[in-house]
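Results of the structural survey
Chain residues, written in single-letter form:
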Amino acid sequence: MLERCSSFSTVGSVEIGGGMLWPGILIVEPSQAMLESSLVPDRLIQRRVDLSSATSYFDVENISVIDARGKDYGLHVTTVMGRNLDHEDAEDPITIWIQLTPVPAQGIEWLEFRGRTGSVARLVPALPGSVHVSDTTRVPAYAPGAGLGDLALEVIGHVLARPAIPEESLRRYCSTLLARVAQLQKAGVLNVERSLLRDVERLVSTIAEGESRENLPAAWRGMLDAADLVDGPRRHVDVDTVLPTLDKVTVQVVAVISEPSYWQVKMRVEPEWWHYGEGRHTKCPALSIHVADDAGGTYVSSFGGSARHDDHDDMTLRFRPRLDPKAHTVKFEFAGNTNAVTLIVDVGGRDEPLGAK
C-alpha cells in the first residue's frame, strides 16, 4: 500500500568520508524517511570501490543532522547505484539512498546536514502543488503506424541528451530509424499518411545533416530549439497524488523538481515500473507517458534511476528540454494497454533558488 508522503529539497553539499555529498530529495512518509542523494567520490577511491558492496563504505557517520527544533537524526546507507568505480575517469555522481531516523515530524521548517570542514546543506519543504486527476478513459484502438511519432520522439530524446550521446551515434540511430520505417512500410504494418513520413525524414535530415528545422512540426521544432537552453526555473512542488490503477500498476506522483537544464518527477510505482520479457532479458515501462505544458511545450522523458523495495519502486523520470519558464501547468498522460488517465500539476511554485529566504 502506497503511503501519503511529502518531500524536502536541498541547498548546498557536505563533505563526507569518500567525497562530496549533495543530499538531494528527502521523501518523508509515516513509516520512513528516505534521502536520494548524489556523491562525487574522491579520486583516491575511484579505482577500488565495487558498488555492489559499497553500502558500508561511504562514511556518513561524520555527518550530523539537526532540524529547526533542535532534534538530532541518524543516517543509514541502504542502496548505492552507479557505475563501478574501476576507471580513472569515472567521475559521474553516484546515487546513494540514505534512511533518516527518526521520521521528521510534520511542520518541520528545515533540516541541516553538517559535514567535515564546516560544510552545511539545508533541506526545506517543497511547496504544496495544486493538481487535477481525470477519470480513466479508454485508449483508442491501435492504428497501423501509431507508434511512428513515438519513434520520432526517441530520436529527439537522443538529441536532447547530448553531449552524452556522440554525434556519430546520433547519425547511426537516425539511419536505423529510417531503415525501420522502410521495413514496416514494406511489411504493410506502417500505413500512415505521407505527410507524417515526410516529417520523420525531415527530422532525420535536420539531426544528421544540419538542415533547417523550419518545416518540422511545431512540437518537434520547439524541443530542438530549446535543447541548449538553461533558463529553466528552480522549482520544487509537492504532488503526493495516487493515480487510478492502470493495467494493475498504481503510480503515486510524489514531486516535480525543475532545474535550469532539465526537470524531473519523483514517483512510486506498485508493484513495479518495468515489464520484463522472457527470462527478464528485455524490459519496457509498464505505462507510457506523454507530457506537455500550457505554454505549448512538449517534453521527452528518460529513466533517471530507481530503488527497489519489497512491494514498490521509488523512481525518477527526467524530462528535457528544460521546463519552459512561461509554463504554469504541466499535463501528464499515463496510458496502459486499455485505459489512460491525465494528471495536471500547477508548477508555478517558488521561482527562486530552492531554500532561499
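The rules behind the values
Residues numbered from 1 in each chain as written. Predicted model: local features only at pLDDT ≥ 70, side-chain atom pairs only at ≥ 80, totals over all residues. Heavy atoms only, no water. Core = buried A, V, L, I, M, F, W, Y, C linked by side-chain atoms within 4.5 Å. Buried < 20%, exposed > 50% of the residue type's maximum accessible area, 1.4 Å probe, protein only. Helix = DSSP H or I, 4+ residues; strand = E, 2+ residues; numbered from the N terminus. pLDDT = per-residue confidence, 0-100. Contact = heavy atoms within 4.5 Å. Phe/Tyr/Trp six-rings, centres within 6.5 Å; stacked < 30°, edge-to-face > 60°. Salt bridge = Lys/Arg side-chain N within 4 Å of Asp/Glu carboxyl O.

**Concerning the nonpolar core**
The biggest cluster of nonpolar side chains holds 30 residues, and the ones touching the most others in it are Val251, Trp263, Met267, Trp273, Phe332 and Phe334. When residues in this core are grouped by element, the largest group, four residues, is from strand S15 (residues 263-270).

**Quick word on the confidence of the model for the chain**
Chain-level pLDDT for the chain is 82 on average; 83% of the residues reach the 70-or-more range. Segment residues 84-90 is flagged for pLDDT under 50; beyond a separation of four residues in sequence, or across chains, it makes 22 contacts in the model. A low-confidence stretch, residues 349-357 (pLDDT under 50), is modelled with 27 contacts involving residues beyond four sequence positions or located in other chains.

**Here we look at the packing of aromatic side chains**
A complete count under the given rule lists six aromatic pairs for this structure. Summarising the aromatic geometry, the rings of tryptophan 263 and phenylalanine 319 are spaced 4.5 Å apart at their centres and angled 15° between planes, so their arrangement reads as stacked. Of this pair, tryptophan 263 sits in strand S15 while phenylalanine 319 sits in strand S20 (residues 313-320), and the two are 56 residues apart along the sequence. Of the two residues, tryptophan 263 and phenylalanine 319, both sit in the buried class.

**Focus on the pattern of salt bridges**
For the structure shown, the criterion picks out 13 salt bridges. Its salt-bridge partner being arginine 4, residue aspartate 240 comes within 2.7 Å of it at the nearest N-O pair. Placement of the pair is aspartate 240 in strand S13 (residues 235-242) and arginine 4 in the segment before strand S1 (6-11), with a sequence separation of 236 residues. With its nearest N and O atoms 2.6 Å apart, the salt bridge here joins glutamate 29 to arginine 268.

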